[in-house]
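In case you want the letters, here they are:
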Amino acid sequence: VFNKTPDATEDMLERTSYERACIEARKKGLAPPRKPRGPLPNLPRKLFSYDHVEPKPAKEPPLPSSEAAQNHIPNHYTYSSVTHEKIAAIRSKTTLANTDICLDYKQSSNLYPESYPHFVRGRDSLREYITSLFTSKIAIYDGAMGTMIQNYSKRNKLDEEEYRGDRFKDWNCNVKGNNDMLSITQPHVISGIYKEYLEVGGSNLIGTNTFSSTTIAMADYNMEAYAYELNYEGARLARQACDEVTAADPTNPRFVVGAIGPTNRTGSISPSVEDPSARNVTFDELVEAYFEQIVGLMDGGADILMVETIFDTLNAKAALYAVGEYLEFSGLDIPVFVSGTLVDQSGRTLSGQTGEAFYASIRHAKPMCVGLNCALGAVHMIPFVEKLAKVVECFLHVYSNAGLPNAMGGYDESPDDMARNNKTFFENGWLNMVGGCCGSTPPHIKAIRECAENYAPRKLPDVGRPKMWLSGLEDLVVDDVHNHLGLPFLNVGERCNISGSIRFKKLMMAGDYATAMDIAKKQVEDGAHVLDINVDDGMLDGLAAMQKFVKIAVTEPEVSKVPFMLDASKFEIVLAGLKWCQGKCIVNSISLKVGEELFKEQATLLKKHGAAVVVMAFDEEGQAATEDEKVRICKRSYDILVNEVHFPPEDIIFDPNVLTIGTGMEEHANYGVDFINAVKTIKEQCPYVKISGGISNLSFGFRGVMKIRESIHAVFLHHAILESGMDVGIVNANEMLHVTEVEGELKKACENLVFNKTPDATEDMLERTSYERACIEARKKGLAPPRKPRGPLPNLPRKLFSYDHVEPKPAKEPPLPSSEAAQNHIPNHYTYSSVTHEKIAAIRSKTTLANTDICLDYKQSSNLYPESYPHFVRGRDSLREYITSLFTSKIAIYDGAMGTMIQNYSKRNKLDEEEYRGDRFKDWNCNVKGNNDMLSITQPHVISGIYKEYLEVGGSNLIGTNTFSSTTIAMADYNMEAYAYELNYEGARLARQACDEVTAADPTNPRFVVGAIGPTNRTGSISPSVEDPSARNVTFDELVEAYFEQIVGLMDGGADILMVETIFDTLNAKAALYAVGEYLEFSGLDIPVFVSGTLVDQSGRTLSGQTGEAFYASIRHAKPMCVGLNCALGAVHMIPFVEKLAKVVECFLHVYSNAGLPNAMGGYDESPDDMARNNKTFFENGWLNMVGGCCGSTPPHIKAIRECAENYAPRKLPDVGRPKMWLSGLEDLVVDDVHNHLGLPFLNVGERCNISGSIRFKKLMMAGDYATAMDIAKKQVEDGAHVLDINVDDGMLDGLAAMQKFVKIAVTEPEVSKVPFMLDASKFEIVLAGLKWCQGKCIVNSISLKVGEELFKEQATLLKKHGAAVVVMAFDEEGQAATEDEKVRICKRSYDILVNEVHFPPEDIIFDPNVLTIGTGMEEHANYGVDFINAVKTIKEQCPYVKISGGISNLSFGFRGVMKIRESIHAVFLHHAILESGMDVGIVNANEMLHVTEVEGELKKACENLVFNKTPD
């Protein structure tokens, strides 16, 4: 409107096009196009130490890398000594009549004085001389040969006859116009012209009459065979003329410039209008022709080689390649000049290059002088010479035409005109050498010389850091590039790569090169600085395809204006493409995987062609994946290339391998950050190199969702470029995003993924990818987009209360059971005859012991041993206190394997079926061999002997009883259920006797009997049926009953401690611990309990799927004195799992591992020393309080372990801090440390498996479709539920059966049971039934005082025994609490009863003060929200450590049917209830939850008004 910028209209038109495209996209259900971003500011390049070096004055032009050039070794001029086979082969074909020709032009070293300006061939360096000449004055080149021949013919007869001469009088075609042959047929004419330029013009250098003396150009006259002779004679005549003139004035030596013309064919231009890929000459043919010309020129005495009148740079590159070959074969330093021809005022060569691009294309040959000639007059050349003068690093020349040709083809500029028109060059200091081309004569050169004498020559530019300088039709300094996003980064367009574009591949397979060119053009239009070309495919002739593509591409100005990157896995393919490129290309790639020799060979070839090169981080051992490997291989490659091949370091591009992240494989997670770090180090260690990568590889795991991929790329590139210095990447420029265009949470997710910041980075990105896919599908179907995953939100701080600030204190002992005996350390009286509870008596009454008058009392005389530690007397001393002292003063020693020792005994003694049966069971009704426990009855001496050996040889402080399988359940395999009590009694009695005997021998080292309670051979959590996951072969109650009988037998037999061991299903352990609890309650004793789990493999999980931490969380309610791991694994394999347990276990910790893993025969190979060494890690880290051995271990193993352990201190008990709620499913969950997906300190309890809250779930339950119901459960967990609420309590359903079936199936589904369950019912018997099928620590929802205090306490006591947490509703005998005061009153009353009377752990109490419905229109309901929020805070203040929960959906029930409104109300409510009042838990649908910041402004205000009852409306 205000016409503020010149681009205002263009900017608005661009925006209008975008809005039109948006309209069209909406009509078609497509994604909206990307909004135009406008110009972005250029960001600074990452700089390294070598970037800060100040430019220095140049002393000479850049030197070739040859030893001769680098050291200015004079040319010896004795070409007879140059005998390389290729040179000799050319000489052998000479058409010279006298084959004994002169090849040597060396002069006597004392011919002229040694000081400049004198020059002697063979003595002086011509490179040094030219440098002195060109820096002291503007040197003079000659003028036109053709013009002089024309002028001669005007004064003298010079027709067909004269051209032929005597030698060619019978030639088979006309030759008039073949000026070069006059060096043979009319040498006096050519010599005369040479002399005239030298004497009249005053030329310092003259060009030979060899402009067309190649086999290619001479083919027009059928004179290909005479190419060598033509060059030889042209140079020889010039040599003679120069030497004559120099002899007359040795202070002004003259030099022969061997003129190498362009030929009459071109490598870059098609001779056919129909076929742009057609050519009439190849690169190799040009090289061959030029090489022959060069040999002739040098043999004829040329000093310098000049590749001139270049209208197609590919021809010049072929000529320079041939020059390079000659220099390599001869070992000489020959100065090389190059002169291009810009054909018109466009300032471009005939093949389309600008002057700067032309120079960039040939500068690899290190010419001493570069410039322009022909086509234009001096006036017309001015802007182009000015541009070259700004960039050319060597000397610069011009030899222009004498103006533009007139209508007759002549040139009208007089000598004075031409001198005046060249004056601009001199005045500006642009030139080091000047001459004339078409239309110029010796008088023109004289006039130019006289004008030039008044001016200083061009100063060589200062030498700064080298830069990569590429070219297509236009030049490109890579180090100065910024891309369309403002990044200092070279975009290499990826879409002409057969490996990366399906469309391009199809076009190539179909041979549709024209359409393929459209892809190439589009890449350039979209911002590609360089075009990657890859046609290397197994189904395609890559060699032919590469050549055809490049030949067509170079004829397309909109494609070939940029440089090419020639890309193939086969070197011959890139080399073939390179030979059709006039510009300076990049070759992708070479690497050390082919070995050093071939690597150097390939690099040398590319250097000769002037190509830059991508070097992959591969070597003979494979691909570099880690940061260190990337750096190592690149540094090694760099040293070889720079120091041995002399490859320009600025032309090296390392590709340290961009590898795929986000695969889910841990070893891939660091690939992004490894690359970024490696980039910086490589650039520090390898000055001037570039770093590239195939960016699309990075996000390959997210293919199909471009937004995700480009967002990952944007973040990756932002850091890799700006912080580490990455320079180049193969990209689709059109799809690239600026890092500021990546949405905030997506950007964070990308950073987490790229830098491997969080373990969930891949999972978070996959979630976001699923969302973007869903958006694509929604657009296709015209549906509303799904809700965007919000990504990780910052965790907000938890509301803290006074009890949260209590500092942890050192633990004096493990956590105590709540019984009076344990709390007060009351010693066990060991008089079990006085323990007469009816359940215990009933078991004893069924005993199979022959003598029913058995010993039940093990109390010792109180003065048997001294009272001080380490002595111990049963009945006098507290075993709990003793174990604490023992386990905190040293690493106590447990025993080793009973089964291994029985096997070893059987190898030395007969122990077969007969011995197992003994006399007592000789007629038993089934085989019993293998029932090791019964040996306590039938072969007691064997078992006693083993006990004694562990005590005396092993030095065990504690030994386990031979009762691993002594339950009615396990003994059913032998029909010996009735003998369970006796087996346990005898197993314990024998151990008691052994311990007492050994203790009596050394009372300072008392030994203890550990009653071993094995897992049985049935499991509560695992179905025995593959068809029915709800099937079980044992119930919780059956397990409890069997374990209780075992415990009575063990204690009656004299056990000191009870050990629930080798737990592969925690539900069995919970049943055993329930039975232990019952025994302790009935007996009133304090018996230390140990628990030992078994992780079955390297997954670190039990057979029933729990982690070690979850296993501990599930059983810690039983307050074991010691917990640990045994069996299944060797010590080495247990290390990571023991380390984890050592960080969390609050009691003592033990390990008794196997002697390694079983061998093929089922045996164990670890020796005692091996096993001790492997356990040493536990001791060194201070992880253990007790150690022993399991399968494969023997007394010598235990002895070795004991001797090793003696050198180390035991594990220190962790400090005691505030108690926390610690739940478990297959994995553990500390509720007090939880933050949900919204960053709130809040436990999401998933609500959708609640028959009261989900119609769909209810229908599935009614239909008995448990499989589909599991899908709902899984979805809840996927969506962010930390705990799963399960409620199947409905009047139309058998809730008891449904709860049990649902839980039994759910625990077999890892994606469901990994989280803890909340068992939810109005009938207590239903939750109790469910609880008995849960191996983890659950929450029961709910109990309350509405049933009266007695039943409330009874229910709470039962839940405490099961180790469940509990939801307590704010109900009492008078009804539901609605007001703030009532909520607080009922909860405080419930708390006092639970904590003070039931001794329920306060941290396991969750109060639900009743979330009631607001917004009903009833005034008495309006304050329900704020009442709840206020009550939460007060309850938490008055009831330390409790949690507060609520059914959140109740709050907004009046707004059902409009989810946006309901979730907005919930978001506001929860925000305040959680952060300001300390609410901890809620039954929610996590997938629908909103963060308060996601609630729209005016809606948020309305919600706050509603929740806090702020306004009457």
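Read on for an overview of the structure. Quick caveat, the model's predicted, so the values are computed rather than measured.

Reading guide: rules and limits
- Every chain's residues receive numbers from 1 upward, in the order its sequence appears when written.
- It should be noted that, the model being predicted, local features are given only for residues of pLDDT at least 70 and side-chain atom pairs only at 80 or more, the latter also being counted only at that level, while totals for whole chains, interfaces and linings use all residues.
- The side-chain values count all of the structure's non-hydrogen atoms but skip hydrogen atoms and water molecules.
- Strands qualify as paired when DSSP identifies two bridges or more between them.
- Each helix is a run of DSSP H or I of at least 4 residues and each strand a run of E of at least 2, with the numbering of both proceeding from the N terminus.
- By definition, residues are in contact when any of their heavy atoms lie within 4.5 Å.
- Here the axes come from fitting lines to C-alpha atoms, over the contacting stretch only for helices, and the angles between their N-to-C directions go from 0 to 180 degrees.
- Criterion for a salt bridge: a side-chain nitrogen of Lys or Arg within 4 Å of a carboxyl oxygen of Asp or Glu.
- Burial status follows relative accessibility: with a 1.4 Å probe on protein chains alone, a residue under 20% of its type maximum counts as buried, one over 50% as exposed, and anything between as partly exposed.
- Roughly parallel refers to an angle under 35 degrees, roughly antiparallel to one over 145, roughly perpendicular to one between 65 and 115, and oblique to any angle outside these ranges.
- Throughout this entry, Asp, Glu, Lys and Arg are counted as charged residues, while Ala, Val, Leu, Ile, Met, Phe, Trp, Tyr, Cys and Pro are counted as nonpolar. The remaining residues, Gly among them, count as polar.
- Patch building starts from residues that exceed 30% relative accessible area and form no salt bridge, then joins like charges within 9 Å and nonpolar side chains (Val, Leu, Ile, Met, Phe, Trp, Tyr) within 5 Å.
- Only the protein chains shown count as cover for residues, and all accessible areas are computed by the Shrake-Rupley method using a 1.4 Å probe.
- In this tally, Lys and Arg are treated as positive and Asp and Glu as negative; His is ignored, and so are the chain termini.
- Here the site of a charge means NZ on Lys, CZ on Arg, CG on Asp, or CD on Glu.
- Think of it this way: a Phe, Tyr or Trp ring, Trp meaning its six-membered ring, pairs with another when their centres are within 6.5 Å, and the plane angle makes it stacked under 30 degrees, edge-to-face over 60, tilted otherwise.
- Only buried residues count toward a nonpolar core, which is a set of Ala, Val, Leu, Ile, Met, Phe, Trp, Tyr and Cys residues joined through side-chain atoms within 4.5 Å.
- Each crossing gets its hand from how the near helix is turned against the far one by less than a right angle, where anticlockwise is left-handed and clockwise is right-handed.
- In the analysis that follows, any N or O atom pair within 3.5 Å is treated as a polar contact, provided that within protein one partner can donate a hydrogen and the other can accept it, and provided that, for residues neighboring in sequence, both atoms belong to side chains.

1. Regarding the sheet that holds strand S25 (residues 1089-1093)
Then comes step 1: Strand order in this open sheet of 8 strands is S21-S28-S27-S26-S25-S24-S23-S22, and the pairing throughout is parallel. With one partner strand each, in any of the chains shown, strand S21 (892-893) and strand S22 (958-960) form the two edges of the open sheet.
Then comes step 2: One ladder, built from 6 bridges, connects strand S26 (residues 1122-1130) with strand S27 (residues 1148-1154); its direction is parallel. Paired with Gly-1130 across the strands is Asn-1154, a residue of S27.
Then comes step 3: Its contacts with the sheet put helix H31 (residues 879-889) on S21, S22, strand S23 (1008-1013), strand S24 (1057-1063), S25, S26, S27 and strand S28 (1186-1189), and the angle it makes with S27 is roughly 70°.
Then comes step 4: Sheet strands touched by helix H43 (residues 1195-1205): S21 and S28. Its angle to S28, the strand with the most contacts, is close to 155°.

2. Quick word on the pattern of salt bridges
Then comes step 1: By the definition in use, this model includes 91 salt bridges.
Then comes step 2: Here Asp-243 and Arg-239 are joined by a salt bridge, their closest N and O atoms 3.1 Å apart. One end of the pair, Asp-243, and the other, Arg-239, are both in helix H10 (residues 227-248), 4 residues apart, so they sit about a helical turn from each other.
Then comes step 3: Judged by relative accessible area, which is 3%, Arg-239 ranks as buried.

3. What to know about the sheet that holds strand S6 (residues 369-377)
Then comes step 1: Reading across from one edge, S1-S8-S7-S6-S5-S4-S3-S2 is the order of the 8 strands in this open sheet, with parallel pairing throughout. The strands lining the two open edges of the sheet, one partner per strand, are strand S1 (139-140) and strand S2 (205-207).
Then comes step 2: Along the sheet, helix H14 (residues 378-391) contacts S6 and strand S7 (395-401); its crossing angle with S6, the most-contacted strand, is approximately 155°.
Then comes step 3: Its contacts with the sheet place helix H16 (residues 442-452) against S1 and strand S8 (433-436), and it is angled at close to 155° to S8.

4. Looking at the packing of helix H3 (residues 85-92) against helix H11 (residues 283-299)
Then comes step 1: Where H3 meets H11, the closest approach of the two axes is 10 Å, and the angle between their N-to-C directions is 80°. With respect to their mutual orientation, H3 and H11 come out roughly perpendicular. Residue-level inspection shows Lys-86, Ile-87, Ile-90 and Arg-91 of H3 in contact with H11, the latter providing Phe-291, Glu-292, Val-295 and Asp-299.
Then comes step 2: Residues belonging to the contact of H3 with H11 are distributed by class as follows: 4 nonpolar, no polar and 4 charged.

5. A word on helix H27 (residues 744-754)
Then comes step 1: Of all the positions in H27, only Leu-746, Ala-749, Cys-750, Glu-751, Asn-752, Leu-753 and Val-754 are classed as buried.
Then comes step 2: In this structure, the buried residues of H27 make contact with helix H24 (671-685), helix H26 (706-722) and helix H28 (761-781).
Then comes step 3: After H27 finishes, the residue Asn-756 shows a positive phi value of roughly 50°.

6. Observations concerning the pairing of strand S3 (residues 255-260)
Then comes step 1: Counting buried positions along S3 yields 6 of 6 residues, so the element is predominantly enclosed.
Then comes step 2: By the alternation rule, side chains of S3 split into Phe-255, Val-257 and Ala-259 and Val-256, Gly-258 and Ile-260, which are all buried.
Then comes step 3: Where S2 and S3 come together, 3 bridges link them in parallel fashion. Residue pairing for S3: Gly-207 is matched across the bridge by Val-257.
Then comes step 4: Bridge count between S3 and strand S4 (residues 304-310): 4 bridges; the pairing is parallel.

7. Quick word on a negative patch on the surface
Then comes step 1: Together, Asp-7, Glu-10, Asp-11 and Glu-14 line one region of the surface with negative charge.
Then comes step 2: On the accessibility criterion, Glu-14 (42% relative accessible area) is partly exposed.

8. Thoughts on the packing of aromatic side chains
Then comes step 1: Tallied over the entire structure, the rule returns 47 aromatic pairs.
Then comes step 2: Centroid distance Tyr-882 to Phe-1008: 5.3 Å. Interplanar angle 55°. Geometry classified as tilted. Highlighted residues: Tyr-882 in helix H31 and Phe-1008 in strand S23, separated in sequence by 126 residues.
Then comes step 3: Given the relative accessible area of 1%, Phe-1008 is considered buried.
Then comes step 4: For the ring pair Phe-1036 and Tyr-1074, a centre distance of 5.9 Å and an interplane angle of 75° mean the geometry is edge-to-face. One end of the pair, Phe-1036, is in helix H38 (residues 1036-1052); the other, Tyr-1074, is in helix H39 (residues 1066-1083), with 38 residues separating them in the sequence.
Then comes step 5: The exposure class assigned to Phe-1036 is buried, which follows from its relative accessible area of 4%.

9. A look at the nonpolar core
Then comes step 1: In this structure, Leu-205, Phe-564, Phe-716 and Met-726 are the most contacted members of the largest nonpolar core, which totals 232 residues.
Then comes step 2: The residues touching Leu-205, leaving out its near neighbours within four places in the chain, are Ile-130, Phe-134, Ala-139, Ile-140, Tyr-141, Asp-142, Phe-255, Val-257, Ile-304, Phe-337 and Met-433.
Then comes step 3: Core analysis: the next-biggest nonpolar cluster, separate from the first, contains 222 residues, Leu-1085, Ala-1142, Ala-1172 and Met-1489 among them.

10. Details of the packing of H39 against helix H40 (residues 1108-1115)
Then comes step 1: Remark: H39 packs on H40, axes separated minimally by 10 Å, with the N-to-C direction vectors making an angle of 25°. Judged by the angle between their axes, H39 and H40 are roughly parallel. When the axes of H39 and H40 are compared, the crossing they make is right-handed. For the pair H39 and H40, contact is made by Thr-1066, Ala-1069, Lys-1070 and Leu-1073 and by Phe-1111, Ser-1114 and Ile-1115, respectively.

11. Quick look at the environment of Asp-275
Then comes step 1: Structurally, Asp-275 is set in the loop between S3 and H11.
Then comes step 2: The spacing of Asp-275 and Ile-552 is 277 residues in sequence and 8.5 Å in space, taken between C-alpha atoms.

12. Regarding the side chain of Ser-400
Then comes step 1: In this fold, Ser-400 is placed in strand S7.
Then comes step 2: Among the residues examined, Ser-400 registers a relative accessible area of 0% and is labelled buried.
Then comes step 3: Among the polar contacts made by the side chain of Ser-400, one reaches the main-chain amide nitrogen of Ala-378 at a distance of 3.4 Å.
Then comes step 4: If near-sequence neighbours (up to four positions away) are discounted, Ser-400 is found in contact with Cys-374, Leu-376, Gly-377, Ala-378, Met-381, Met-418, Asn-422, Gly-435, Gly-436 and Cys-437.

13. What to know about the pairing of strand S11 (residues 490-493)
Then comes step 1: Burial of the side chains of S11 extends over both faces: Leu-490 and Val-492 are buried on one face and Asn-491 and Gly-493 on the other.
Then comes step 2: Summarising the sheet, S11 and strand S20 (residues 728-731) pair through 4 bridges and their orientation is parallel. Within S20, the position partnered with Leu-490 by the bridge is Val-728.

14. Section: H16
Then comes step 1: In terms of residue burial, H16 counts as a mostly covered element, since 8 of its 11 residues are buried.
Then comes step 2: Restricting attention to buried positions, one finds in H16 the residues Pro-442, His-444, Ile-445, Ala-447, Ile-448, Arg-449, Cys-451 and Ala-452.
Then comes step 3: In this structure, the buried residues of H16 make contact with S1, helix H5 (145-155), helix H8 (187-201), helix H15 (415-427) and S8.

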